[in-house]
Amino acid sequence: MPQLSVFDLARFMGPASAGLSGAIGLDAFVGQTVTLDVAHHRLVLEDAASLAAIRKTAVEVPIRLVRVAEGAALTVDIGVPTSSGTAWMELDTGNYGASMVDRTIAGLFGLNPSDTAVQRWDVTPADGLHISGPVMVKDLILDGNLGREVLRHWEITVDLADGRGWITPLPSTRPPTDQTGG
């Protein structure tokens with residue numbers, strides 16, 4: 001790894017860091033295939049056999065591998081179709097709050113671009129995948145951000161060598177249908 005840093009997580013995160021032993025970035029796994037299982041606090045290194053099994057049942061999704069922090073960090077964005085093209089939503093395991101959408105594309109998701117309070121959204125990124133829950137509209141430098149509230153419902157497998165991704169919905173954590181209509 002080109003860079004390694006040590007932080008006192010409790011100092012930066014406060015109570016949110018309880019039980020957290022550390023954090024590691026995806027750039028530590030460049031060239032490998034990993035599965036992120038946020039619901040069970042796991043990161044799994046996949047091999048050819050396990051990836052073949054995942055590909056038989058998971059939903060393939062478009063992804064972008066993005067270098068941020070002047071190339072020092074690696075993030076994954078998932079493509080979410082809209083009526084005006086693809087929105088690229090960063091997968092952010094460090095976001096413990098509502099998902100976020102940039103104000104300029106909020107209307108594409110049926111969101112009020114002027115409302116800064118938490119809103120609710122209902123999005124289908126691909127057949128068999130569903131996003132429903134809290135979202136905030138903000139002025140961002142990216143299309144949006146999917147946090148733990150969304151990611152805990154999926155196992156996300158990313159081939160960091162070939163830039164491909166698959167999502168397996170977790171049946172035990174599927175979000176309930178919102179009965180309030182909003």
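By convention here, each chain's residues receive numbers from 1 onward along its written sequence. Owing to the predicted nature of the model, reporting of local features is limited to residues with pLDDT of at least 70; listing and counting of side-chain atom pairs is limited to 80 or more, with chain, interface and lining totals taken over all residues. Derived side-chain values reflect all non-hydrogen atoms in the structure, with water molecules and hydrogen atoms excluded from consideration.

Below, the discussion takes up the overall build of the chain. Labels follow the DSSP assignment, with helices taken as runs of H or I lasting at least four residues and strands as runs of E lasting at least two, numbered in each case from the N terminus. Assigned secondary structure in the chain consists of three helices and twelve strands. The buried share among the 182 residues of the chain stands at 38%. In the chain, once contacts between residues fewer than 6 apart in sequence are set aside, the share between residues at least 24 apart is 56%. Burial status follows relative accessibility: with a 1.4 Å probe on protein chains alone, a residue under 20% of its type maximum counts as buried, one over 50% as exposed, and anything between as partly exposed. The contact rule is simple, with two residues in contact once any of their heavy atoms fall within 4.5 Å.

Right, let's talk about the pairing of strand β6 (residues 85–91) for a bit. Among the seven residues of β6, five are classified as buried, and the element is accordingly described as predominantly covered. In terms of strand pairing, strand β5 (residues 73–82) meets β6 through six bridges, oriented antiparallel. Directly across from proline 81, in β6, lies its bridge partner threonine 86. Counted along the chain from β5 to the antiparallel partner β6, the turn is two residues long. Two strands pair under a simple rule: DSSP has to find at least two bridges between them.

Let us look at a nonpolar patch on the surface. There is a patch of nonpolar side chains on the surface, built from Phe12, Met13 and Tyr96 and spanning about 330 Å² of accessible area. Within the secondary structure layout, methionine 13 lies in helix α1 (residues 9–13). Exposure remark for methionine 13: the relative accessible area of 30% places this residue in the partly exposed category. Patch membership is restricted to residues that have no salt bridge and whose relative accessible area is over 30%. Joining uses 9 Å for like charges and 5 Å for the nonpolar side chains Val, Leu, Ile, Met, Phe, Trp and Tyr. In this description, accessible areas are obtained by the Shrake-Rupley approach with a 1.4 Å probe, and a residue is regarded as covered only by the protein chains that are shown. Basic side-chain nitrogens of Lys or Arg form a salt bridge, by our definition, when they fall within 4 Å of a carboxyl oxygen of Asp or Glu.

Within a regular strand, side chains alternate between the sheet's two faces. Counting buried positions over the five residues of strand β1 (residues 33–37) gives five, a clear majority of the element. Because side chains alternate across β1, one face comprises the buried residues Thr33, Thr35 and Asp37, and the other comprises Val34 and Leu36, equally buried. Sheet analysis places β1 next to strand β2 (residues 42–46), joined by five bridges and oriented antiparallel. Note on β2: the bridge partner recorded for threonine 35 is valine 44. If you look at the hairpin formed by β1 and β2, you'll find four residues sitting between the two strands, and histidine 41 has a positive phi there, around 55°. Sheet analysis places β1 next to strand β11 (residues 154–159), joined by five bridges and oriented antiparallel. The residue of β11 that forms the bridge with leucine 36 is isoleucine 156.

Now for unusual backbone geometry. Comment: phi is negative for the bulk of residues other than glycine, and the bulk of peptide bonds are trans. Not every positive phi belongs to a glycine, and histidine 41 is a case in point at roughly 55°. Looking at where histidine 41 falls in the secondary structure, it is placed in the loop between β1 and β2.

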